[in-house]
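Examining the three-dimensional arrangement
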Amino acid sequence: MKAVIYPNFQKNNALECARSLCDILEKDIEIFVDNSFKNEFADKQSVKYGLFDDIAAEADFAVAIGGDGTILKCAKHIVGFDTKLLGINTGRLGFMSALEYDQLERISCLKNGSYTVSERMMLKAEISDGNSVRTFEALNDICVSSFYASICDFDVSIDGRVIGSYRADGAVFSTPTGSTAYSLSAGGPIIEPEMRCIEMTLICPHSLFARPMIFSPDKKITFENSSERNPEIYVSVDGGEPLALSCGSSVHITSSEHKIEIIDIKGNTFYNSLNRKLMHPIK
């Protein structure tokens, strides 16, 4: 078996965690890291190096060490491969993580297969601006919002039929996995992560009646920047770099053909995290 480590050394304890992980796995699992981390693992003779994307394509496991943002970035590299994703939290929330950094002894479950796999759907965003179309995929969400939280006018259509003309700061289109992220903060519901649906949550709608909506996964949702009077509007996929959306341009959102398999070692990780991390104040 092969495991590739994707650490975020800007997080506290991430370096110590990654090095300890190598010591635990080295007897039974081949360990790889990206070439850029040679200095951090120079004394670990069992560690092998290469380009992360090349290694991830052939690895059995990708281990993301950091917070939820680290897991999302790691997921982008394994889309389309059979590589399973395991998160170890060294950040604050770590809602998608299977383990905390002080639970590394449980990582031995990878060796004997004593874990379950949670299959997560992804979204595809096609950003149409004039003659160009750019395509992205999201495990969490696709956020379309105005600059400096200025209110804007936009239309949302389902399979070509307008369901609403809104005034709001924007909208978040999320997977069930992403329902506990920005969408939750914007007032959206929590959805079991293994369900298949698309959630739309408006950001600060200027209305007493606008509510989150949930659509079946076979729908095509279109967000259109419909007014020349709008402030600057941007699209961000899984918290990535914002892309400008000019007037008359649109974002088409559908289910992706790809999925991400997230490892659950402790059992019922989603419900445990929900209870421990979202039902109490984050310290």
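Everything below is about the structure printed above this text.
What counts, and where the lines are drawn
- Residues numbered from 1 in each chain as written.
- Predicted model: local features only at pLDDT ≥ 70, side-chain atom pairs only at ≥ 80, totals over all residues.
- Heavy atoms only, no water.
- Helix = DSSP H or I, 4+ residues; strand = E, 2+ residues; numbered from the N terminus.
- Rg over C-alpha atoms; globule rule 2.2 N^0.38 Å.
- Buried < 20%, exposed > 50% of the residue type's maximum accessible area, 1.4 Å probe, protein only.
- Contact = heavy atoms within 4.5 Å.
- Areas by Shrake-Rupley, 256 points an atom, 1.4 Å probe, with all protein chains shown as cover.
- Expected span 1.5 Å × (residues − 1).
- Arc of directions from axis to C-beta.
- Pairing = 2+ DSSP bridges.
- Disulfide = S-S within 2.5 Å.

**With respect to the overall build of the protein chain**
What the protein chain contains, in helices and strands, is six helices and 18 strands. Rg of the C-alpha trace for the protein chain: 20 Å, near the compact-globule value of 19 Å for 283 residues, within the 12% margin. Principal-axis analysis of the C-alpha atoms places the extent of the protein chain at approximately 60 × 40 × 35 Å. The buried share among the 283 residues of the protein chain stands at 50%. When contacts within the protein chain are restricted to residue pairs at least 6 apart in sequence, long-range pairs at least 24 apart make up 66% of them. Of the accessible surface of the protein chain, which amounts to about 13,700 Å², a share of 48% is contributed by carbon and sulfur atoms.

**As for helix H1 (residues 14-25)**
In this model, H1 (twelve residues) spans 16 Å end to end at C-alpha, consistent with the 16 Å of a helix rising 1.5 Å per residue. Taken together, the buried positions of H1 are occupied by Ala14, Cys17, Ala18, Leu21, Cys22 and Leu25. Burial along H1 is one-sided: seen end-on, the buried residues are contained in an arc of 140 degrees.

**Description of the sheet that holds strand E14 (residues 213-215)**
The six strands lie next to each other as E14-E13-E12-E9-E16-E17, forming an open sheet whose pairing is antiparallel. Either end of the sheet is taken by a strand with one partner, and the two such strands are E14 and strand E17 (243-244).

**Considerations on the state of the cysteines**
Going through the model one piece at a time under the given rule, you end up with zero disulfides. Residue Cys204 stays outside any disulfide, its sulfur separated by 11 Å from that of Cys152, the closest cysteine. Under the relative-accessibility criterion, Cys204 is labelled exposed at 54%. Just so you know, Cys247 is unpaired, no disulfide at all, and the nearest cysteine sulfur is the one on Cys152, 11 Å from it.

**Digging into the pairing of strand E15 (residues 221-225)**
For E15, the tally of buried residues reaches four of five residues, placing the bulk of the element in the interior. Relative to strand E18 (residues 250-264), E15 runs antiparallel, the two being bridged by four bridges. For Glu224, the partnering residue across the bridge sits in E18 and is Ser250.

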